[in-house]
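# Residue-level structural notes
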Amino acid sequence: MSGADTPMPRVAVVIPAYNEERTITACLDSLRRQTYAGPLEVIVVDDGSTDATAARVAAFPEVRRLAGAGRGPSLARNQGVEATQAEIIAFTDADCICDPGWVEALVGVLERPTYVGAGGDQQCPPDESRYGRQVQGFLKAVGFVGSYVRNSRDETPTEHNPTRN
């Protein structure tokens, strides 16, 4: 995709959101801190929220907010994909905090000709409850849904890639 004399690919991060006023600000803040040097578009598809989600998103003028039809996260993701012309689409959820190098790492993998998709690991946020950390530890220990949760950064095939990268 991008080489020494070609521009870096445009990346769109699509986030479905429904009543996420509690978490969307931290998610969008984490996307502001991305180290990716190429063009980055953030699209929030507000899927019929009745709380202050829209107001929280409006505090980020660089973020594009689309009104969803209240039909669920899958269709909201599709709506976000249809609204962009980016070469690479990344998904995350509104309650996720993305590592600063997340987009850069995904693009690095997707620039290889043999890869068509990439995903990341799920980790608990710093303020997670003790119970939440125990659940996360259990899911990693049992390999929830096969390869749903990874314990390493190995490049291995997967049958499922969660959207909450």
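Here the structure is shown first, and the text comes after it.
Residues numbered from 1 in each chain as written. Predicted model: local features only at pLDDT ≥ 70, side-chain atom pairs only at ≥ 80, totals over all residues. Heavy atoms only, no water.

## What about unusual backbone geometry?
The phi dihedral of Asn19 is positive, around 50 degrees, even though this residue is not glycine. Tracing the sequence through the fold places Asn19 in the loop between strand 1 (11-17) and helix 1 (24-32). (Helix = DSSP H or I, 4+ residues; strand = E, 2+ residues; numbered from the N terminus.)

## Some remarks on the environment of Leu31
The residue Leu31 is located in helix 1 in this model. For the pair formed by Leu31 and Pro100, sequence separation is 69 residues and the distance between their alpha carbons is 7.3 Å. If near-sequence neighbours (up to four positions away) are discounted, Leu31 is found in contact with Val13, Ile15, Leu40, Val42, Cys98 and Trp102. (Contact = heavy atoms within 4.5 Å.)

## Remarks on the sheet that holds strand 2 (residues 40-46)
The four strands are arranged 3-2-1-4 in an open sheet whose pairing can be described as parallel. Of all strands in the sheet, those with a lone pairing partner are strand 3 (63-67) and strand 4 (88-91), marking the two edges. Going across the sheet, the axis of each strand differs from the next one's by a mean of 25 degrees, ignoring polarity. Summarising the sheet, strand 1 and strand 2 pair through seven bridges and their orientation is parallel. (Pairing = 2+ DSSP bridges. Axes fitted to C-alpha atoms, helices over the stretch in contact; angles between N-to-C directions.)

## Overview of the side chain of Ser30
Inspection of the secondary structure puts Ser30 in helix 1. Engagement of the side chain of Ser30 in a polar contact is seen with the backbone nitrogen of Cys98, the distance being 2.9 Å. (Polar contact = N/O pair within 3.5 Å; in protein donor to acceptor, adjacent residues only side chain to side chain.)

## Regarding the nonpolar core
By size, the foremost hydrophobic cluster in this structure holds 23 residues, and its most contacted members are Ile15, Leu28, Leu31, Val44 and Trp102. The set of elements that each furnish at least two residues to this core consists of strand 1, helix 1, strand 2, strand 4 and helix 4 (102-110). Among the elements that make up this core, the one with the highest residue count is helix 4 (five residues). (Core = buried A, V, L, I, M, F, W, Y, C linked by side-chain atoms within 4.5 Å. Buried < 20%, exposed > 50% of the residue type's maximum accessible area, 1.4 Å probe, protein only.)

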